[in-house]
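Okay, here's what each chain looks like letter by letter:
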Amino acid sequence: LNDQGWKGDSCLVIAMMAVGSDVSYSEPLLEENPKWKLLSDVLDEISHGNSTSDQSGKVLVVASDDRTCNQLKEYLTDGGKSLLERLFSKVYGRKQQESASSERRGQGKSITKRKSRAHQKHTTKVQEKSATSLASKEKDVTEEDSERGVVTVSPAVVLVPLKGSSDPYLLTRVLNDHEPHYIVLYDPDMEFVRQLEVYKAKRPGIPVRVYFLFYDSSVEEQRYLTSLRKEKDAFELLIREKASMVVPEDQDGKSGHATSLIRDLSLPATALVSSSRKAGGREEALKPTVVVDVREFRSKLPSIIHRRGMEVEPVTLEVGDYVLSPEMCVERKSVSDLISSLSSGRLYNQSVAMTRYYRRAMLLIEFDEARSFSLQPRSAVGSEIASFSIPSKLVLLTLHFPKLRILWCQSPYVTAELFQSLKEGQREPNSTSAIAVGTDSESAKHQGRLYNIAPQDFLLKLPAITFKNYRYVMNHVENIAQLSQMTIGRLKTLLGNDGGAKDLWDFFHKKPDVGSSSRKL
């Protein structure tokens, strides 16, 4: 209370005098809001000014919400005494009815009439007098401009709320429709003041006078001044930031367009850009390009890659998350995503697709920079392979996919630096080709893979067939049937390995010995 300019002891003394036990009232003591009288004086002043100068202009009164607007309308039409009596009867009458109903519940059907005190008798009279007018007034309030929230007191006075309306542009519409000459801010609001400034700037020929109503040295005044101070600080911060901001040489800092982000889809991503302002039109250096799956933008790695000077092309990829070159693809996994992918088998399918379409397939395991750089504590690492162990599953993954490379990165910043070093000396990727990979047969032809996928996978599982020689075998053999009919001599010539040729021939021609002792799996 001291911050509002009041003294605590004075408030207590006044309150004790008002509700003291020695003071009795035959009628309730109803005190009007000081702002109501001030609003009435302002409207009288405006009306007197219009009558003396033979001018007419609408008055717009802006309050905080619909409830305040309805109270102000009733005050301006019926007076403060009628409004206070209605509010008193509405509040105290409900309490009296609740107490009467509780007495009926306690006494059952035998209810005796009792005499009320003097101010209760007066309350009953006020209720009887204002019962019919209350229903009609509330009906008028709900029906009048209910769809917009505007309350009309008279043809020259309009009330509009600051908040609570379903129309976010209500204040702007009211200003444009009514074009008021006088505006009374019953509850000051900085945002509405800025709307008034725009309204006045658009209509320089219309005179506008604004009245501010608020209590001196109060919380209401301090709240408004605080909003002004915050706005001033925000503008000063913006001015300081723009003064030290690095602006591209082809912009003046006033436009919202960023020419560096404009993409011409008709041109290739590796097109050279020449500038006549750099040593007579000398060609600028090419920016390294990384094709990124759009789902990866939920992480901060694409933005870090862009900040390191690399071009980021967001597309929808079927295979991999990052394409660094036409032969290099990366699947990024966080630790939690790695665990779930290993458990569900999704990582196996992703590894199959990457090793099938790209010569350099990589699995990137990215750790959180705020946590330990390890999958599990050293004490939890066992010496045996277990189905539930994450390191064991990674070992099995590398055994199934010898071409797959695993990258370990401590944070996204280390990953961006690693990508930049991996791209050195590599060709730039083509986003169109990266999108087509894994979607149709044209992508396989573009990558030089003219073989059926199922026989290729079956061939890789045969003895003596590895990732190093399976392409040579497919180029010299028509199908699996022809391979199975070859002699040991032709297999030795094809594979270049006597032991591997014998193992492959035995696999096709020897029957397994199923009569021997069985093993428990």
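In what follows, the accompanying structure is described.

Scoring rules and cut-offs
Residues numbered from 1 in each chain as written. Predicted model: local features only at pLDDT ≥ 70, side-chain atom pairs only at ≥ 80, totals over all residues. Heavy atoms only, no water. Phe/Tyr/Trp six-rings, centres within 6.5 Å; stacked < 30°, edge-to-face > 60°. Helix = DSSP H or I, 4+ residues; strand = E, 2+ residues; numbered from the N terminus. Buried < 20%, exposed > 50% of the residue type's maximum accessible area, 1.4 Å probe, protein only. Pairing = 2+ DSSP bridges. Axes fitted to C-alpha atoms, helices over the stretch in contact; angles between N-to-C directions. Salt bridge = Lys/Arg side-chain N within 4 Å of Asp/Glu carboxyl O.

## Considerations on the packing of aromatic side chains
Then, in step 1: This model, assessed by the stated rule, comprises 6 aromatic pairs.
Then, in step 2: For the pair Phe 212 and Tyr 224, a centre-to-centre distance of 5.9 Å together with 50° between the ring planes defines the contact as tilted. Remark: Tyr 224 occurs in helix α8 (residues 219-243) and Phe 212 occurs in strand β5 (residues 209-212); sequence separation between them is 12 residues.
Then, in step 3: Taking relative accessible area as the criterion, Phe 212 reaches 38% and is therefore assigned partly exposed.
Then, in step 4: According to the relative accessible area criterion, Tyr 224 is buried, its value standing at 13%.

## Regarding the sheet that holds strand β8 (residues 322-325)
Then, in step 1: The strand order β7-β6-β8-β9-β10-β11 describes an open sheet built from 6 strands, whose pairing is mixed. Of all strands in the sheet, those with a lone pairing partner are β7 (311-315) and β11 (405-409), marking the two edges. When the angles between neighbouring strand axes are averaged without regard to direction, this sheet yields 25°.
Then, in step 2: Pairing between strand β6 (residues 289-293) and β7: 5 bridges, direction parallel. Looking across to β7, one finds that Thr 289 is bridged to Glu 311.

## Here we look at unusual backbone geometry
Then, in step 1: One non-glycine residue with positive phi stands out, namely Glu 179, at about 50°.
Then, in step 2: As for its position among the elements, Glu 179 is in the loop between α6 (170-178) and β4 (182-185).
Then, in step 3: Although it is not a glycine, Ser 217 adopts a positive phi angle of roughly 55°.
Then, in step 4: Judged by relative accessible area, Ser 217 falls into the partly exposed class, the value being 34%.

## Considering the pattern of salt bridges
Then, in step 1: What the rule picks out here adds up to 15 salt bridges.
Then, in step 2: One salt bridge connects Asp 293 with Arg 295, and the closest N-O pair in it is separated by 2.7 Å.
Then, in step 3: On the basis of relative accessible area, Arg 295 is assigned to the partly exposed category, the value being 45%.
Then, in step 4: A salt bridge links Lys 423 to Glu 428, with the nearest nitrogen and oxygen atoms 3.1 Å apart.
Then, in step 5: For Glu 428, a relative accessible area of 24% corresponds to the partly exposed category.
Then, in step 6: Among the charged side chains, a salt-bridge network with shared partners connects Glu 331, Lys 333, Asp 337 and Arg 346.

## Some points on the sheet that holds β4
Then, in step 1: As summarised here, the arrangement of the 5 strands in space is β2-β3-β1-β4-β5, forming an open sheet in which the pairing is mixed. Each of the sheet's edge strands pairs with one partner strand only, and the pair in question is β2 (151-154) and β5. Along the sheet, successive strands turn relative to each other by an average axial angle of 20°, direction set aside.
Then, in step 2: Two elements, strand β1 (residues 59-63) and β4, share 4 bridges in a ladder whose sense is parallel. Bridging from a neighbouring strand, Val 61 pairs with Val 184 of β4.

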